[in-house]
Amino acid sequence: MKLHLTGDVSQVKKGLKLLLKELGIELDKEGHHIHVKQRKGPLSVKNENIKGEILFQEKIHFFRGIGLWLEHFYTEKDFTLVEYPQFTMKGAMLDSSRNAVMTVDGIKDLLRKMAMMGLNTLMIYTEDTYEVKEYPYFGYMRGRYTEGELTECDRYAADLGIEMIPCIQTLAHLTEALKWNYAIPLRDTADILLAGSKETYTFLEHLIEAASRPFQSKRIHIGMDEAHQLGLGKYLDKHGYEKRFDIMNKHLQEVTAITERKKLKPMIWSDMYFRLGSKHGGYYDLEADIPESVIASIPDTQLVYWDYYHDDEAFYRTFIQKHKALKDNPVFAGGVWTWNGISPNYGKAFATTEAALRACKKENVKEAFVTMWGDNGAETPMLTALPVLQLFAEHAYQESFSDAHLQKRFRFCTGAHFDDFMLFNQLDETPGVSKHNLQTSNPSKLLLWQDILIGLYDENIKNLPLNKHYKLLTVKLERAAKRNKDWSLLFHFYRQLSHVLSIKAEIGRNLKVIYDNQNRGMLQDMLPILEELKERVDTLRKTHRTLWFSLNKPFGWEIIEIRYGGVLTRIDTVMYRLNQYIGGEINKIEELEEDRLYFEGPYPMQEGSLGRNLYHRIVTAGNLS
């Protein structure tokens, strides 16, 4: 479609050119006329008597507005829409520290979709995946971003009205950064910096300078979360026991002194203050008692309340109030649930986001973003976050909205069908898992990686028709791939995962039953099934590889490929062991002699869950390290 824009277009012109392909438009003086005006007030788009109008306050509002105008013009011709932005910050945080480091082109693609949604902030979470020239081992072979790459992303984002904010760690979550020998004098424990050390603050000065330099923003997220063993390692040896409240505050004061010198405005995750005030170290402890002296000594920094676990609006409201008692103007951080396994958990993400953002609006929280973590290897492609980003965006501009509105907006902003994306949820919302998977079970991960002969989760899935579930899902995903041609890599990946699980889900359990019945003939029949499974797994590996390299830098893929390699070689061994037994070379298969026990741990097993775990606990009861 051809459009002719007049009025206040100078500051949005660069960004608009970046979106022409996504929007399906070209700028032409002979095109449909839209008058553009920047002014204070709500976002307003309309079309009357063959003339369009977009009124906006911030640059990001214009990019959401042009999308809204086009979306309605294609179906309504004459219309008037007004939206009232609910938050000043409305954005996302992209994890680039758990193996997957999104390419510059991948970030640009995400930024374009965010702009059409109307999200105005993107943080890139980098524990050690950014370049610090003084420390060549910092982020070594981890796909770290160069200063030039981050600068390129920041300039691109600015053209779209999006502020990029560096998001780093300055206390804990630094295992990968501190594993090299250069960091020996910097360590308190394996993942926590040694507070109170001159070398530590020299190190942090370089980190903060390197992390902030590529960005135009003066804001910086300096982390400070989950330092559970603070002061209990080398610090304890040097100084003896000190209250962790005191260590935390003194360290934070040193770090904020650095940010102040660099004229930066820091924010931190808030959990350590609540954990240290809790008798059992819990973040969400409503009885946590934080001393007034500690509250008074918190430096000039903004607290970020992260919570993607509760589906109770009242809880969020209470905890927002507790944050406000510590510091004015807290930021809220929710979650897209891309980190639970190899597929997203939309049920949990939608339930927690709905409750949290309703609470934020009622408590007048003005800044909010949603986290896109990639725990335990970043097996789930970050593209799967888009439906939750769309949900977040609609909450950011509407007091309330319908499911139909959300789905229509998602279709326009991404070109994909909302209901087809929701099929990814069925990888983990299987028989035996409660509706919406609020207990965050991850059977697709468990069943893909678990060993066929060891079968640690076989008892958990007893008598469940999982092969049938995945067989039916494979057909649905096949059809969805045809409807979403621009998203074919993503849909083919999940279709192939489901295709694998339609055999592998129950194969270990079935093998054990056949073995216990001493039916060598049926064991012989399992061999071609295992050969077929091996082919399907290898196709899945290659499909996943293609998708990974379309989104991410190559570093980190080796971890995922090693996991696939483990599955493939163990299938070989299963066939080897069966042939030994069938041929009479051995008189028993010891792995199959063992009774299967219900997998209980490390998390409490609740009704409606088949289990939840990390790779190293799924594949073996031994010590993977």
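Residues numbered from 1 in each chain as written. Predicted model: local features only at pLDDT ≥ 70, side-chain atom pairs only at ≥ 80, totals over all residues. Heavy atoms only, no water.

**Student:** If you had to explain a negative patch on the surface to someone new, which residues and values would you point to?
**Tutor:** Judged by side-chain charge, Glu-590, Glu-593, Glu-594 and Asp-595 come together as a negatively charged surface patch. Position of Glu-593 relative to the elements: it lies in helix H21 (residues 590-593). Residue classification places Glu-593 among the partly exposed positions, given a relative accessible area of 41%. (Patch = residues over 30% accessible without salt bridge, like charges linked within 9 Å, V, L, I, M, F, W, Y side chains within 5 Å. Areas by Shrake-Rupley, 256 points an atom, 1.4 Å probe, with all protein chains shown as cover. Salt bridge = Lys/Arg side-chain N within 4 Å of Asp/Glu carboxyl O. Lys, Arg positive; Asp, Glu negative; His and termini not counted. Charge placed at Lys NZ, Arg CZ, Asp CG, Glu CD. Helix = DSSP H or I, 4+ residues; strand = E, 2+ residues; numbered from the N terminus. Buried < 20%, exposed > 50% of the residue type's maximum accessible area, 1.4 Å probe, protein only.)

**Student:** If you had to explain the pairing of strand E5 (residues 51-56) to someone new, which residues and values would you point to?
**Tutor:** In this sheet, E5 lies alongside strand E3 (residues 32-38) in parallel orientation, the contact comprising five bridges. Along E5, the bridge assignment pairs Lys-37 with Leu-55. Adjacent in sequence and paired antiparallel, strand E4 (residues 43-48) and E5 are bridged by two residues, among which Asn-49 carries a positive phi angle near 50 degrees. (Pairing = 2+ DSSP bridges.)

**Student:** Describe the packing of helix H1 (residues 13-23) against helix H2 (residues 59-76), with residues and values.
**Tutor:** Between H1 and H2, the least distance of the axes is 11 Å, while the angle of their chain directions is 30 degrees. Taken together, the axis directions place H1 and H2 in an arrangement best described as roughly parallel. Crossing handedness for the pair H1 and H2: right-handed. Contacts from Gly-15, Leu-16, Leu-19 and Leu-23 of H1 reach H2 at Phe-62, Phe-63, Ile-66, Gly-67, Leu-70 and Tyr-74. Residue classes in the contact of H1 with H2 are distributed as eight nonpolar, two polar and no charged. (Axes fitted to C-alpha atoms, helices over the stretch in contact; angles between N-to-C directions. Parallel < 35°, antiparallel > 145°, perpendicular 65-115°, else oblique. Left-handed = near helix turned anticlockwise from the far one by under 90°. Contact = heavy atoms within 4.5 Å. Nonpolar A, V, L, I, M, F, W, Y, C, P; charged D, E, K, R; others polar.)

**Student:** Tell me what's going on with the pattern of salt bridges, and back it up with residues and numbers.
**Tutor:** Within the structure shown, the criterion is met by 42 salt bridges. When the shortest N-O distance is used, the salt bridge between Arg-112 and Asp-109 registers 3.1 Å. Placement of both Arg-112 and Asp-109 in helix H3 (residues 104-117) is noted, with a separation of three residues, approximately one turn of the helix. Ionic pairing is found between Glu-147 and Arg-213, a salt bridge with its closest N-O pair at 3.2 Å. Taken together, the residues span a long stretch of sequence, with Glu-147 in helix H4 (residues 147-159) and Arg-213 in the loop between helix H6 (198-212) and strand E10 (219-221) at a distance of 66 residues. A residue is classified by how much of its surface remains accessible, and Glu-147, at 25% relative accessible area, is partly exposed. Relative accessible area serves as the criterion here: at 40%, Arg-213 is assigned to the partly exposed category. When salt bridges that share partners are traced, they join Glu-147, Glu-205, Glu-209, Arg-213, Arg-261 and Lys-262 into one network.

**Student:** Describe the packing of aromatic side chains, naming the residues involved and giving the relevant values.
**Tutor:** Applying the stated criterion across every chain yields a total of 50 aromatic pairs. Measuring from centroid to centroid gives 5.1 Å for Tyr-137 and Trp-180, while their planes differ by 45 degrees, and the two rings are tilted. Taken together, the residues Tyr-137 in the loop between strand E8 (121-125) and H4 and Trp-180 in the loop between helix H5 (175-178) and H6 connect sequence positions 43 residues apart. Between Tyr-284 and Phe-315, the ring centres sit 6.2 Å apart and the planes meet at 70 degrees, which makes this aromatic pair edge-to-face. A residue pair is termed long-range when its members are at least 10 positions apart, and Tyr-284 in the loop between helix H9 (271-276) and helix H10 (292-297) and Phe-315 in helix H11 (residues 313-326) qualify at 31 residues. Given the relative accessible area of 11%, Phe-315 is considered buried. A cation over an aromatic ring shows up here: Lys-77 above the ring of Phe-73, its NZ or CZ 4.3 Å from the ring centre. We note Arg-520 situated over the ring of Tyr-581; from NZ or CZ to the ring centre the distance is 4.0 Å. (Phe/Tyr/Trp six-rings, centres within 6.5 Å; stacked < 30°, edge-to-face > 60°. Lys NZ or Arg CZ within 6 Å of the ring centre and 35° of its normal.)

**Student:** Kindly report on H6, identifying the contributing residues and their values.
**Tutor:** One turn of an α-helix holds 3.6 residues; hence residues three or four places apart share an orientation. In a regular helix each residue adds 1.5 Å, so 15 residues correspond to 21 Å; H6 covers 21 Å between its end C-alpha atoms and thus fits that length. Along H6, the residues classified as buried are Thr-200, Tyr-201, Phe-203, Leu-204, Leu-207, Ile-208, Ala-210, Ala-211 and Ser-212. Buried positions along H6 lie against strand E9 (163-167), E10 and helix H8 (244-261). (Expected span 1.5 Å × (residues − 1).)

**Student:** Go over the sheet that holds strand E6 (residues 79-83) with me, naming the residues and quoting the values.
**Tutor:** Strand order in this open sheet of six strands is E2-E1-E3-E5-E4-E6, and the pairing throughout is mixed. Single-partner strands in this sheet number two, and they are strand E2 (26-27) and E6. Here E4 pairs with E5 via five bridges, running antiparallel. Counterpart to Val-45 in the pairing with E5 is Ile-54. Along the sheet, H2 makes contact with strand E1 (2-7), E3, E4, E5 and E6, crossing E4 at roughly 30 degrees.

**Student:** Break down the environment of Glu-561 for me, with residues and values.
**Tutor:** Of note, Glu-561 is situated in helix H20 (residues 557-582). Exposure remark for Glu-561: the relative accessible area of 27% places this residue in the partly exposed category. As a C-alpha pair, Glu-561 and Phe-424 span 137 residues in sequence and 22 Å in three-dimensional space. Excluding residues that lie within four positions of it along the chain, Glu-561 makes contacts with Arg-541 and Arg-545.

**Student:** Give me the side chain of Lys-59: which residues, what numbers.
**Tutor:** With respect to the element layout, Lys-59 can be found in helix H2. Although Lys-59 is buried, it makes no salt bridge; Asp-159 carries the closest opposite charge, 5.2 Å away. At a separation of 3.5 Å, a polar atom in the side chain of Lys-59 contacts the main-chain carbonyl oxygen of Gln-11. In contact with Lys-59, not counting residues within four places along its chain, are Gln-11, Val-12, Ala-158, Asp-159, Leu-160 and Gly-161. (Polar contact = N/O pair within 3.5 Å; in protein donor to acceptor, adjacent residues only side chain to side chain.)

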